[in-house]
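# Working through the structure, step by step
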Amino acid sequence: MVAPLASWPWENLGMFKYLLYGPLLANGLYTLYEEGNIIHNWCLHILLISLLRVGIHVVWSSYSNMLFLTRNRRILQQGVDFKQIDMEWEWDNFLLLEALMTSMMVYLFPSLGNLPLWNTKGLIALLILHIVIAEPLFYFFHRLFHSNHYLFTHYHSLHHSSSVPQSFTAGNGTVLEHLAWSIVIGAPIVGTFLLGYGSTATIACYVLVFDFLRCLGLSNVEIVSHRLFDAIPVLRYLLYTPTYHTLHHTEKETNFCLFMPLFDAIGNTLHENSWKLHKQNSLNAGKNGRVPDFVFLAHVVDVTSSMHAPFVSRFFASRPFVTKLSLFPSWPVAFIVMLIMWGRSKIFLYSYYNLRNWLHQTWVVPRFGFQYFLPFAREGINKHIEDAILRADKLGVKVISLAALNKNEALNGGGTLFVEKHPNLRVRVVHGNTLTAAVILNEIPKDVKEVFLTGATSKLGRAIALYLCRRRVRVLMLTLSTERFEKIQKEAPADCQNYLVQVTKYQAARNCKTWIVGKWITPREQSWAPSGTHFHQFVVPPILAFRRDCTYGDLAAMRLPEDVQGLGNCEYTMSRGVVHACHAGGVVHHLEGWTHHEVGALDVDRIDLVWEAALKHGLKPVSTK
């Protein structure tokens, strides 16, 4: 049985819950039209304050997830996983609750709608009432929720189920809790009204500062310098820090205060290590954190997908990327950011997760897909990749795996350029294409006798063709270069060479139902495939799913082992927990402890070996058909 006031009354409405703001919007617009006065238009004020409160939480979340800025300031090092993100999905329920409660108060007491815009005495009164009412009231409620087993189990435990505090954790609670917190934030406001000092702007400022400080404490990023407290020791008791509040989330029986540790000191619930840990975290902010064991060096695909990042929206990033109309209003901003990145940005940390006590990070080359095909941009891109490899080598990273375009054959020979230039590298450079080939080959049904292959002269296409011909599968290789075709054919065993067939037109594959796409093909070129064809692909970006009578595979990918921890974002279009095969190939290389570089041409003889190693370590194939 669900405890009373534990679940939200609109929890089954989904996005339709926002229709509850409708009456406020309608009344506000009508009043604005009739009276033309926005100063006393409380409905619009409530909506505006709610939007600003959303903005505060979103900005704090973005900052917390900017790992390139906050990685050395993080208090709890584990990542925010999908479970916590889903749990906090409806974090803004409390904002809707408080907006509805406020509107009811205005309707019950119409004089509240006629407040002046500003009152300096009201600001002073709010500050005093916050200290003498809100702070002790919150401390009392909060400690009660922890000391009473029933209240904690049925109400407050939900808030503490978020293992890593985030700004959205503030809203991860039950109705009863937020009714109590509404009393806390509302008491000083009501008191100011009763004293006759109420004003619109001071109330808005109080609410927004209240939210700002809550998000500060829940940010999991220590930004308050210990030097401030060393200079003015009394401030320790007047302002809490992220470290202080994080201790409450890890210890649970201490540090109950709202914003002022003074009340924990009075109540004898102040954690004895609060100041020591804060100073330690503050000092560590200028030092490098834990060295990753494995790095996946990614790149941005296009302007639209650049918004699929945890520091833009962790909720959007926690689901596979799809192009949405709602993204296009933000496209100009993303485009400007792209130009800034082109001119100024360096390799940056994007995300991380833990696998069997190994730290795996994703670094990003600040370049977009189209830039890799600009001749004048290649040297700069290779410089970025080289810097990333040298940085990883200096730090002590064991393996660095190159994403799709970062290992482009025409760009750097599949990573060969860097290995030859720096022969003494300790970090292993891996293109991951051996596992990519293995994934594609193991998706092809065993009874297939003929395939059509585009991109056949690439290192990946070559390996796939040679492997299939050894299995006595007829490979129709689309290539205009007879010289390259003959070179690949000569690499096949003598008794298998006849299984490699050069074709120069798509029409030659009109009877073949298995297409392996390694070179982007247009809808017109797809039209030559017979009905029922399945398109396997290793081309970036993926081809357009044009044919409704055919099926399309995703890019080659594998699911990470089940014991992965702290993973909370999807890799481009991949499902949760699934990564591109080149990423997975680097993971396998690291887990196996292989000491060779995997660059340049693929060793066909290692395809099955790498596949078996991936399965042994718990990586799983992802069925795309």
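From a predicted model like this one, the values you see are computed outputs, not experimental measurements.

For helix α15 (residues 331-344), spanning 14 residues, the distance from its first C-alpha to its last is 20 Å, which sits close to the expected 20 Å at 1.5 Å a residue. Among all positions in α15, only A334, M338 and M341 are buried. All buried residues of α15 project into a common sector of 65° when viewed along the axis, lining one side. Residues of α15 that are exposed and angled more than 90 degrees away from the buried face: V333, G343 and R344. In this fold, the buried residues of α15 make contact with β1 (294-300), β2 (348-355) and β3 (358-368).

Reading across the sheet, the 6 strands line up as β8-β7-β6-β9-β10-β11 and stay open at both edges, with parallel pairing between neighbours. Taken across any chain shown, the strands that pair with only one partner, and hence form the sheet edges, are β8 (500-503) and β11 (551-555). Within this sheet the neighbouring strands show an average axis-to-axis angle of 20°, counted without direction. Note that strand β9 (residues 514-517) and strand β10 (residues 534-537) share 4 bridges and pair parallel. Among the inter-strand pairings, T514 is bridged to a residue of β10, identified as H534. Running at roughly 155° to strand β7 (residues 474-478), helix α20 (residues 459-470) makes contact with β6 (450-454), β7, β8 and β9 of the sheet. Where helix α21 (residues 482-491) meets the sheet, its contacts fall on β7 and β8, and the angle it forms with β8 comes to roughly 175°.

Under the counting rule described, the total for this entry stands at 30 aromatic pairs. Taking the centre distance of 6.5 Å and the plane angle of 10° together, the rings of Y18 and Y21 count as stacked. Judged by centre distance (6.3 Å) and plane angle (80°), the rings of Y139 and F256 are edge-to-face. Of this pair, Y139 sits in helix α6 (residues 120-147) while F256 sits in the loop between α11 (242-251) and α12 (262-267), and the two are 117 residues apart along the sequence. Taken together, the ring pairs connect W89, W91, F94, F168 and F315 into an aromatic cluster.

Next up on the list: the side chain of S274. As for its position among the elements, S274 is in helix α13 (residues 274-284). At 3.2 Å, the side chain of S274 and the side chain of N255 are in polar contact. Filtering out sequence-adjacent residues up to four positions away, S274 remains in contact with T243, Y244, L247 and N255.

On to the packing of helix α5 (residues 93-108) against helix α8 (residues 175-194). Interhelical geometry of α5 versus α8 gives an angle of 55° and a closest axis separation of 11 Å. Relative to α8, α5 is oriented oblique. α8 is crossed by α5, and the crossing has right-handed handedness. Across the interface between the two elements, F94, L97, E98 and M101 from α5 touch H178, L179, S182 and I185 from α8. Taken together, the residues that form the contact of α5 with α8 break down as 5 nonpolar, 2 polar and 1 charged.

Cut-offs used in this document
- Residues numbered from 1 in each chain as written.
- Predicted model: local features only at pLDDT ≥ 70, side-chain atom pairs only at ≥ 80, totals over all residues.
- Heavy atoms only, no water.
- Helix = DSSP H or I, 4+ residues; strand = E, 2+ residues; numbered from the N terminus.
- Expected span 1.5 Å × (residues − 1).
- Buried < 20%, exposed > 50% of the residue type's maximum accessible area, 1.4 Å probe, protein only.
- Arc of directions from axis to C-beta.
- Contact = heavy atoms within 4.5 Å.
- Pairing = 2+ DSSP bridges.
- Axes fitted to C-alpha atoms, helices over the stretch in contact; angles between N-to-C directions.
- Phe/Tyr/Trp six-rings, centres within 6.5 Å; stacked < 30°, edge-to-face > 60°.
- Polar contact = N/O pair within 3.5 Å; in protein donor to acceptor, adjacent residues only side chain to side chain.
- Parallel < 35°, antiparallel > 145°, perpendicular 65-115°, else oblique.
- Left-handed = near helix turned anticlockwise from the far one by under 90°.
- Nonpolar A, V, L, I, M, F, W, Y, C, P; charged D, E, K, R; others polar.

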